[in-house]
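Next come the chains, spelled out residue by residue.
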Amino acid sequence: MAVSDGDVFNCRIFEAFLLGEIMNKCLNVIGIMLVLLLFPYCGRRDARQMERQGSSAHAALAEIDSLMWRRADSAFAVLQEFVVGPEAEELDTFDGHYCQLLISELLYKNDCEQTNREDLLQAVFFFDSLIVNQHDANKREVVIQKQNVFLDARAHYINGVGHYEQGNVVQACAEYLKALELMEEHFEEKELVGKKAQFMALTYGRLGDMFSEQFMMEPSITCYENALVYCNIEPTSPTGVSNLLTRIGVQYDKLGDKEKMRDYYEQALETLPNSDNLSYRDLVASKALCDYQLGLGIDHSLAVLRRILVDADDEEERKTRFLTIGAMFAEEGMYDSAMYYLEPLFENEDDITNQYTFDYDRFIFYMRRYRSVSKGTCHKIISILEDERYK
């Protein structure tokens, strides 16, 4: 029986269809085999992490972690004892990187330089590798995944701190943004409470500080406002909310909006838990200066500043108040009164060059303005100030 061209064509179509079906079945079988092969691995990894959480070494690190959010100085002391103790020798890969993360965080929180840079970078890479999309994860796997995400976000944040310490502002900013991205991608808003809310506030606050240093006031305000949202959920410290309101006020001062600056300073004062502290007196002084700059008259502001001057805790605070009062008198052209408050600042050059005590720009401005009529003004000291300010 002869076979027509049409029959040959139909046979080829059928062969192609049959081959496609066989390949699909093979791919399905391969897919099932891969799932069966990988599932035990994922299960073992989660099981290892659950088992690890019961180990004494991991429990010790978790305890240090918990203490860090309340008392960073105490946690640092406990961590230093841990790393030289026998439990530190039992650390597996996960806890080894966890330990390095805690070391970096506690160095920063205790005003120390990040000395474990290479170990931290390895920890960042490791925690990144743990973040996978688990669409059909069970409750236990979801819990573990969220724990890993939080650690990964913290690793990126503290890595940003390290970049900043090395002068790499752009890379630091990228790491802070990566930390926020991880948190916002893997957590619902209602989950961002407790430590996670504190972390979000700290990260947004850190970004706000960076933008402020670059005189990028608008993005700085946005970051501080976001930080304020989370700080109201879980305060980073007793003065956390007040500090953020003050920083927003400072940005409006840079923008020349004294009214908004004054408004934020007032809010900051209202949110302080008590008035018997340096933060309160600093805010009162800043608001008094703002009132004067808004044209509300020098008498009221001077009365406020003199009142808090009496409550100064130490010589450093007293000289800071002297600077503000002297600057106001200088602005009024009352140079004899200005020098009564400013000349004591020249008594010790080491004090003057302490950048944490004085507002250099304001100090240099007023010194230049009336030094020609002031016998006690010293050109050498102004040169020292400028060198310290811009070196």
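Within every chain, residues take consecutive numbers counted from 1 along the sequence as written. Under the rules for a predicted model, residues below a pLDDT of 70 receive no local features and side-chain atom pairs below 80 are neither given nor counted, while totals for whole chains, interfaces and linings still include all residues. Excluded from the side-chain calculations are hydrogens and water; all other atoms, namely the structure's heavy atoms, are used.

> Could you give an account of the overall build of the protein chain, naming the residues involved and the relevant values?
Strands here mean DSSP runs of E at least two residues long; helices mean DSSP runs of H or I at least four residues long; both are numbered from the N terminus. Counting its regular elements, the protein chain contains 18 helices and 0 strands. Burial statistics for the protein chain: of 391 residues in total, 42% are counted as buried. Here, residues are in contact when the closest pair of their heavy atoms is within 4.5 Å. Excluding contacts between residues fewer than 6 apart, the proportion of contacts in the protein chain whose partners are at least 24 apart in sequence is 60%. Counting every atom, the protein chain has about 21,700 Å² of accessible surface; 54% of that belongs to carbon and sulfur. Classification of residues uses two cut-offs on accessible area relative to the type maximum, computed with a 1.4 Å probe and protein chains only: under 20% is buried, over 50% is exposed, and between them is partly exposed. Residue exposure ignores everything except the shown protein chains as possible cover, and the areas themselves are Shrake-Rupley values with a 1.4 Å probe.

> So what about the nonpolar core? Which residues, and what values?
Within this scheme, the nonpolar core is defined by two criteria: the residues are buried Ala, Val, Leu, Ile, Met, Phe, Trp, Tyr or Cys, and they are joined through side-chain atoms within 4.5 Å. Of all hydrophobic cores here, the largest spans 94 residues; its most connected members are Leu79, Phe82, Leu106, Phe127, Met183 and Phe199. In this structure, Met183 is in contact with Phe150, Ala153, Leu192, Lys196, Phe199 and Met200, ignoring residues within four places of it in sequence.

> Describe the packing of helix α12 (residues 278-293) against helix α13 (residues 298-310), listing the residues and the values that go with them.
As a packed pair, α12 and α13 sit with axes 8 Å apart at the nearest point and diverge in direction by 165 degrees. As far as their axial angle goes, α13 and α12 are roughly antiparallel. The handedness of the crossing between α12 and α13 comes out as left-handed. Along the contact surface, α12 presents Arg281, Val284, Ala285, Ala288, Asp291 and Tyr292, while α13 presents Ile298, His300, Ser301, Val304, Leu305 and Ile308. Under the scheme applied, nonpolar residues are Ala, Val, Leu, Ile, Met, Phe, Trp, Tyr, Cys and Pro; charged residues are Asp, Glu, Lys and Arg; polar residues are all the others, including Gly. When its residues are assigned to classes, the contact of α12 with α13 shows 8 nonpolar, 2 polar and 2 charged. Note on method: axes are straight lines fitted to C-alpha atoms, helices fitted across the in-contact stretch only, with angles between N-to-C directions ranging 0 to 180 degrees. For classification purposes, an angle smaller than 35 degrees is called roughly parallel, one larger than 145 roughly antiparallel, one from 65 to 115 roughly perpendicular, and anything else oblique. Each crossing is labelled by how the near helix is turned from the far one, with a counterclockwise turn of less than a right angle marking it left-handed and a clockwise turn marking it right-handed.

> With reference to specific residues and values, describe helix α7 (residues 169-186).
Its 18 residues give α7 an end-to-end C-alpha distance of 26 Å, which sits within 8% of 26 Å, the value for a rise of 1.5 Å per residue. Turning to α7, its buried residues are Ala172, Cys173, Glu175, Tyr176, Ala179, Leu180, Leu182, Met183 and His186. On its buried face, α7 is in contact with α6 (139-165) and α8 (194-213). Here the expected length of a helix is defined as 1.5 Å per residue gap, with one fewer gap than residues.

> I'd like to hear about a nonpolar patch on the surface, residue by residue, with values.
The patches described consist of residues with a relative accessible area above 30% and no salt bridge, like charges being joined within 9 Å and nonpolar side chains (Val, Leu, Ile, Met, Phe, Trp, Tyr) within 5 Å. A side-chain nitrogen of Lys or Arg and a carboxyl oxygen of Asp or Glu constitute a salt bridge if their distance falls within 4 Å. Nonpolar side chains collect at one region of the surface, where Val193, Val229 and Ile233 lie side by side and expose about 230 Å² of accessible area between them. Considering the arrangement of structural elements, one finds Val193 in the loop between α7 and α8. Given the relative accessible area of 43%, Val193 is considered partly exposed.

> Which residues make up the environment of Ala227, and what values go with them?
Checked against the element boundaries, Ala227 lands in helix α9 (residues 217-233). In sequence terms Ala227 and Ala201 are 26 residues apart; their C-alpha atoms lie 4.0 Å from each other.

> With reference to specific residues and values, describe the pattern of salt bridges.
Taken as a whole and judged by the stated rule, the model has 17 salt bridges. Lys178 is the partner of Glu181 in a salt bridge, and the nearest nitrogen-oxygen pair spans 4.0 Å. Linking Glu181 with Lys178, this pair stays in helix α7, spanning 3 residues, or about one helical turn. Glu181 gets classed as partly exposed once you look at its relative accessible area, which sits at 41%. By relative accessible area, Lys178 is classed as partly exposed at 28%. In this structure, the salt-bridge partner of Lys258 is Asp253, at a minimum N-O distance of 2.4 Å. Lys258 sits in the partly exposed class, given a relative accessible area of 21%. For Asp253, a relative accessible area of 30% corresponds to the partly exposed category. Because the salt bridges share partners, they merge into one network encompassing Arg281, Asp282, Asp313, Glu317 and Arg321.

> How would you explain the packing of aromatic side chains if you had to name every residue and give the values?
Working definition: rings of Phe, Tyr and Trp (its six-membered ring) pair if their centres are within 6.5 Å, and the pair is stacked with planes under 30 degrees apart, edge-to-face with planes over 60 apart, and tilted otherwise. In total, this model carries 13 aromatic pairs according to the counting rule given. Both rings, one in Tyr204 and one in Tyr230, keep their centres 6.3 Å apart while their planes meet at 5 degrees; by these two values the pair is stacked. With Tyr204 in helix α8 and Tyr230 in helix α9, this pair connects stretches of sequence that are 26 residues apart. What makes Tyr204 buried here is its relative accessible area of 12%. The exposure class assigned to Tyr230 is buried, which follows from its relative accessible area of 6%.

> Describe the state of the cysteines, and please don't skip the residues or the numbers.
Disulfides are defined as pairs of cysteine sulfur atoms found within 2.5 Å of each other. Under the definition given, this model contains 0 disulfides. Here Cys173 stays free of any disulfide, with the sulfur of Cys223 as its closest cysteine sulfur at 7.9 Å.

> So, the confidence of the model for the protein chain: which residues are in play, and what are the values?
The predictor reports its confidence for every residue as pLDDT, a score running from 0 up to 100. Summarising the model, the protein chain shows a mean pLDDT of 80, and 73% of its residues fall at 70 or more. Per-element averaging of pLDDT across the protein chain places helix α18 (residues 379-390) at the bottom with 41 and α9 at the top with 97. Ignoring residues within four places in sequence, the model shows residues 1-47, a span with pLDDT below 50, making 12 contacts including any to other chains. A low-confidence stretch, residues 351-358 (pLDDT under 50), is modelled with 20 contacts involving residues beyond four sequence positions or located in other chains.

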